[in-house]
Amino acid sequence: MEAAGDSAGARGGLLCVTGGSGFIGSWLVRLLLDRGYTVHATVKNLQDEGETKHLQTLDGADTRLRLFQMDLLDPSSSMRPAIEGARGVFHLASPLTLHTQDPEKELLEPALKGTLSVLRAAKDCGVHRVVLMSSKSAMLPNPAWPADKVMVEDDCWADLELLKERQLWYHVSKTLAEKAAWEFAEKEGLQLVVLNAGTTLGPFFTPSVNTSLNILLQLLRGQELELDAVYTGWVDVRDVAQSAIVLYENPSAKGRHLCLASMERLVDFADKIADMYPEFPVHRIKEDKQGWLMRDKEPSKKLIDLGVRFVPFDVTIREIVDCFRSEGLI
Ligand SMILES: NC(=O)c1ccc[n+]([C@@H]2O[C@H](COP(=O)([O-])OP(=O)(O)OC[C@H]3O[C@@H](n4cnc5c(N)ncnc54)[C@H](OP(=O)(O)O)[C@@H]3O)[C@@H](O)[C@H]2O)c1
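Residues numbered from 1 in each chain as written. Predicted model: local features only at pLDDT ≥ 70, side-chain atom pairs only at ≥ 80, totals over all residues.

In the nomenclature of an unreviewed UniProt entry, the protein chain corresponds to NAD-dependent epimerase/dehydratase domain-containing protein from the organism Miscanthus lutarioriparius.

Right, dumping it as structure tokens:
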């Protein structure tokens with residue numbers, strides 16, 4: 001992680017982070033406070049210490065962090081108090097789960113309606129710029145983008161029909177939400193910039209393990225991963241948070257930004273973890289079912305051009321494993 005995007009006039013002032021309690025959100029709040037910003041962060045339940053305490057103990061939180069309760073399924077009125085007065089909004093709040101009983105209620109509705117409500121509130125409150133946390137899941141998989149084709153970020157969209165057919169509802173939720181956000185921004189004249197993060201890993205200070213960290217936890221515990229349609233590569237959480245800040249602070253940043261340290265296949269990931277940790281019962285993947293996915297050591301060229309430098313794999317993994325160990329999870 002290297003600081004970048006320091007366009008002088010943009011720094012300082014009030015920013016809003018939705019989903020501030022989550023794995024990525026908590027890192028973003030932390031880095032923004034470190035950079036001198038004042039932050040309004042939203043959490044789903046203010047009474048739940050599991051969502052608030054790790055934020056309230058951050059450096060600078062006592063004077064420059066205020067938490068707001070916000071539910072994505074409430075109309076935009078519940079977002080306004082957090083957004084009012086903010087120059088920028090980082091919209092991260094969105095359910096992240098790969099297993100669901102009721103995809104419409106649990107994933108699609110909050111992602112789509114929630115995004116539109118946040119954007120509506122941002123527009124009504126005169127917010128200058130919105131950074132939307134989308135996902136590489138809104139870009140891939142798409143059979144029209146075969147492995148030998150260089151990814152063109154801005155016009156590479158996941159194939160919605162394919163996602164629905166494979167019941168990849170989280171992917172559907174991110175794709176629909178991002179598409180709706182672009183439509184809204186264009187129609188309403190809102191400045192929007194999007195970060196399409198890959199599977200996000202890295203040290204955590206949230207009290208629970210989120211879905212992406214759980215992938216590594218499962219692997220270290222010897223479980224088999226069934227993510228052939230899902231995994232396309234990893235990125236360190238600090239680089240995701242830093243990239244979001246870079247996109248906010250650089251007026252020249254436009255469009256969509258794939259945020260991956262490395263584009264790779266599931267088999268590559270499992271092999272690297274097995275090599276690093278022979279003491280854990282990691283399953284090596286025997287059959288590579290991701291022939292559709294190109295490998296690329298520098299897939300995030302737009303972010304690299306903006307000055308982002310990615311944390312190396314072994315550093316990220318060792319730091320998470322230290323967290324897992326200190327939490328008694330492995
Ligand atoms: N982790 C990844 O690999 C990855 C990759 C690409 C993109 N992303 C995106 O990054 C964002 C943050 O993900 P994360 O990894 O930090 O996941 P996370 O730890 O599960 O955080 C999700 C956040 O969304 C909030 N949220 C969920 N449903 C909500 C609702 N109905 N109303 C209000 N808030 C709600 C959660 O609030 P509470 O904690 O208060 O419940 C939490 O703050 C999401 O948009 C996700 O799609 C993640």
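Caption draft 1: Spatial organisation of the overall build of the protein chain. A tally of helices and strands in the protein chain yields 12 helices and 10 strands. Computed over C-alpha atoms, the radius of gyration of the protein chain comes to 19 Å, within 12% of the 20 Å expected from 2.2 N^0.38 for 330 residues, which places it in the range of a compact globule. The dimensions of the protein chain, computed from C-alpha atoms along their principal axes, are 55 × 45 × 40 Å. Taking all 330 residues of the protein chain together, the buried fraction comes to 45%. Put simply, 77% of the contacts in the protein chain that link residues at least 6 apart link residues at least 24 apart. (Helix = DSSP H or I, 4+ residues; strand = E, 2+ residues; numbered from the N terminus. Rg over C-alpha atoms; globule rule 2.2 N^0.38 Å. Buried ≥ 20, exposed ≤ 12 C-beta atoms within 10 Å, placed from the backbone. Contact = placed C-beta atoms within 7 Å.)

Caption draft 2: Seen up close, the nonpolar core. By size, the foremost hydrophobic cluster in this structure holds 94 residues, and its most contacted members are Leu-28, Val-29 and Ala-244. Looking at this core element by element, the count peaks at 8 residues for helix 9 (residues 237-249). When residues no more than four places from it in sequence are discounted, the contact partners of Ala-244 are Leu-28, Phe-90, Val-131, Met-133 and Leu-195. (Core = buried A, V, L, I, M, F, W, Y, C linked by C-beta atoms within 7 Å.)

Caption draft 3: Seen up close, unusual backbone geometry. The residue after Leu-140, namely Pro-141, is reached through a cis peptide bond having omega 0 degrees. Looking at the element boundaries, Pro-141 is found in the loop between strand 5 (129-135) and helix 6 (160-165). For Gln-167, which is not a glycine, the phi torsion comes out positive at approximately 55 degrees. Position of Gln-167 relative to the elements: it lies in the loop between helix 6 and helix 7 (169-188).

Caption draft 4: Molecular detail of the sheet that holds strand 3 (residues 65-69). Taken together, the 7 strands give an open sheet; going across it, the order is 3-2-1-4-5-6-9, and neighbouring strands pair in parallel fashion. Strands with a single pairing partner mark the edges of an open sheet, and in this sheet they are strand 3 and strand 9 (255-259). On average, adjacent strands in this sheet sit at an angle of 20 degrees to one another, irrespective of strand direction. In this structure, strand 1 (residues 14-18) lies alongside strand 2 (residues 38-43), joined through 4 bridges in parallel fashion. Following the sheet pairing, Val-17 is matched in strand 2 by Ala-41. Along the sheet, helix 7 contacts strand 5 and strand 6 (192-197); its crossing angle with strand 5, the most-contacted strand, is approximately 155 degrees. (Pairing = 2+ DSSP bridges. Axes fitted to C-alpha atoms, helices over the stretch in contact; angles between N-to-C directions.)

Caption draft 5: Representation of the site of the ligand within the structure. Taken together, 27 residues lie around the ligand, and Gly-19, Gly-22, Lys-44, Ser-94 and Ser-212 are the ones closest in. Residue assignment for the shell around the ligand shows that the elements contributing at least two residues are helix 1 (23-34), strand 5 and strand 7 (199-201). Looking at the shell around the ligand residue by residue, the classes come out as 13 nonpolar, 10 polar and 4 charged. (Near = placed C-beta within 6 Å. Nonpolar A, V, L, I, M, F, W, Y, C, P; charged D, E, K, R; others polar.)

Caption draft 6: Seen up close, the environment of Ile-245. Within the secondary structure, Ile-245 is located in helix 9. Among the residues examined, Ile-245 registers 25 C-beta atoms within 10 Å and is labelled buried. A sequence separation of 122 residues divides Ile-245 from Lys-123, and the C-alpha atoms of the two residues are 20 Å apart.

Caption draft 7: Summary view of helix 1. Compared with an ideal rise of 1.5 Å per residue, which puts 12 residues at 16 Å, helix 1 spans 17 Å between its outermost C-alpha atoms and is within 8% of the ideal. By the criterion of burial, helix 1 is predominantly enclosed, with 10 of the 12 residues buried. Trailing helix 1 by a residue or two, Gly-36 shows a phi angle of about 95 degrees, which is positive. (Expected span 1.5 Å × (residues − 1).)

Caption draft 8: Quick peek at the pairing of strand 5. Among the 7 residues in strand 5, 7 count as buried, and that is most of the element. Sheet analysis places strand 4 (residues 88-91) next to strand 5, joined by 4 bridges and oriented parallel. Bridge pairing in strand 5 places Val-89 opposite Val-130. Running through helix 5 (residues 103-124), the crossover from strand 4 to the neighbouring parallel element strand 5 is right-handed. Pairing of strand 5 with strand 6, which is carried by 6 bridges, proceeds in the parallel orientation. When the bridges of strand 6 are listed, Ser-134 appears paired with Asn-196. (Right-handed = clockwise from strand over helix to strand, strands pointing away.)

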